[in-house]
Amino acid sequence: MSIPLIAAAFFIMLGLMLLSIPVAVAILFVGVIGGYLMHGFPLVDMMGGVVWSSLNSPSMLAIPLFMLLGELLLRGGIADRMYAALSVWFNRLPGGLLHTNIATCTLFSATSGSSVATAATVGTISLPALQKYRYPVRPSLGSLAAGGTLGILIPPSINLLVYGQLANTSVSQLFAAGLVPGITLALLFSVYLFIAHGKAGKASLVEVNLPLREKLALSRHLIPPFVIFGVVMGSIYGGVATPTESAAIGVMIALAFIVGGGKLSLDLLIHCSLHAAKTTGMVIIVLMCALLLNVTLSMLGVTQALTQWVASFGLTQVGLLLVLLLFYVVLGTFMDAMSMLVLTVPITVPMVMAVGVDPIWFGIFIVLMCEIALITPPVGMNLFVVQGVRKDGGSFNDVIWGSLPFVVIMALFTLAIMVWPQIVMWLPDLLAGR
C-alpha cells in the first residue's frame, strides 16, 4: 500500500473530525469503507469477529470499574475531605494552596484514572478557597488544569488501559511505567509554583495555622485514597490480581469507606453507576472503531509500508521521537486526548518499534503527549473543565496563560525521558526482574 494513500486516509479522518463528526464515526468511516474498497465484503465480514474477540475480554471490564471507582470517590465525599486534609500541611509552603491543588490531583489521580474527573473534582473543591484568600487567578487555574492531566499518567489510567489494548502490551507493565514519571511531574509542577508563585496566598496563613494535633486528626481523611491505591496497585504488582480484579477490589473498598462515612444511599449508587456507564460507553465505542481500523490497517499491509518508509529516512530513535513530539504537539491543539490516542497508536507503534523503541516506554511518551493536548488551546479539554467550574465569570484567557508554563514543563520532561529512558523503565524492569 502506498504512503500517499495512507496519508490521504489519515487526513480524511482529521477532516471529518474538524467538521464536528464524532470521532468514532470518522474512524469507522475510514476503516470500514477503506477495507471494503480494497478487499470487498470478506474483509468487512471478518471485522465483527475480530472486534468481538478483543472486547469480549475480562481485561476490558477494568475500564467501567475504574470509572465507577472515580465516581464513588467524588460523590462519596472522599475527595472533599482529602483536599481539606492536604491543605493544612501544604498551606505553609511558599505557594500555599497551589501546592495543595497539585497534591490533591496527584492523590486523586492515583485512584480515579481520569484527567477530566480529576480537574473537575479538585477544581470544584479548591476554587472557593483560592478565591477567598485572593490567590492569583492564572496560576490557580493553571495548577488545576495541569494537575488534572496527571489522571491519565499515574496508574490506574484509562488511557494506559486503552493503549495496552491497541498496542497489545501489558497493562500491568504500563501502570508500573507511569508511576515514577507521574510523581516526578507532580514534583516539577510544585517546584515551579514554589519558585514562580511563592508569595501567593499569604492571607490564608493565619487562618489555617492549626495545632499539630488537629492536623494529625484531619490526616485520617487521607487513609481511604492511600488504602485504595495501595491495595489496587499492590495486588497488580504483587501478581495477586489482574487489573480487572484489582479494580473490582478497589470499588468494594471505596464502598466500605462510603458506608463507614454514612454517605451510602441508593441515589448515590444510581448516580455513580449512570455517570460511569456513560463515560465507559464513550470510551468503548471509540475503542471499538479503532479496532475496526486496526483490522483494515493489518490486512492492507499498512504497518509494513510505514515501517519501510520510516527506515528509508535513516532516522535514529531520538530523531524519530523528536518528529513525533512535534507532530503530537501540533495534533493536540485541535484534537482531544482520547481521539489522538486511538487514531495514532495503530500507526505510530509499528514505526517506533522498527527503530527499537520499547512499546511500554512509548506508551508513557504518548500519554505525556495526551497530557499536553489536554491543556493546549483551542480544544484542551481540561481548560474547558476548569473554566466551567469557576464561578467568577472571568476570561478563558486566564486558564490558557496559567497553563502554558506547565506545557513547557511537560515538553521538557518528555525530552528528559528521551535522554534518560530509565526514568520510565526502571520500575517495570525491576518488577519484571530484568
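Quantities reported herein were computed from a predicted structural model and do not represent experimental measurements.

## Examining helix α8 (residues 137–149)
The terminal C-alpha atoms of α8, which comprises 13 residues, lie 19 Å apart, in line with the 18 Å expected from a rise of 1.5 Å per residue. Across the 13 residues of α8, eleven count as buried, placing the element largely inside the fold. For α8, the set of buried residues is Pro-139, Ser-140, Leu-141, Gly-142, Ser-143, Leu-144, Ala-145, Ala-146, Gly-147, Gly-148 and Thr-149.

## As for the packing of aromatic side chains
Under the criterion given, the structure shown has eight aromatic pairs. For the pair Phe-66 and Phe-175, a centre-to-centre distance of 6.3 Å together with 75° between the ring planes defines the contact as edge-to-face. Linking Phe-66 in helix α4 (residues 62–75) with Phe-175 in helix α10 (residues 171–196), this pair joins segments that are 109 residues apart in sequence. A relative accessible area of 0% places Phe-66 in the buried class. Look at Phe-175 and you get buried, because its relative accessible area is 0%. Judged by centre distance (5.3 Å) and plane angle (80°), the ring pair of Tyr-192 and Phe-406 falls under edge-to-face.

## Things to note about the pattern of salt bridges
For the structure shown, the criterion picks out three salt bridges. Here Asp-398 makes a salt bridge to Arg-138, at a shortest N to O gap of 3.3 Å. In this pair, Asp-398 sits in helix α20 (residues 396–419) while Arg-138 sits in helix α8, placing the two residues 260 residues apart along the sequence. Between Arg-390 and Asp-398 there is a salt bridge, with the nearest N and O atoms lying 3.4 Å from each other. Per residue, the accessibility class of Arg-390 equals that of Asp-398, and both read buried. One connected set of salt bridges, linked through shared partners, spans Arg-138, Arg-390 and Asp-398.

Conventions and cut-offs
- Residues numbered from 1 in each chain as written.
- Predicted model: local features only at pLDDT ≥ 70, side-chain atom pairs only at ≥ 80, totals over all residues.
- Heavy atoms only, no water.
- Helix = DSSP H or I, 4+ residues; strand = E, 2+ residues; numbered from the N terminus.
- Expected span 1.5 Å × (residues − 1).
- Buried < 20%, exposed > 50% of the residue type's maximum accessible area, 1.4 Å probe, protein only.
- Phe/Tyr/Trp six-rings, centres within 6.5 Å; stacked < 30°, edge-to-face > 60°.
- Salt bridge = Lys/Arg side-chain N within 4 Å of Asp/Glu carboxyl O.

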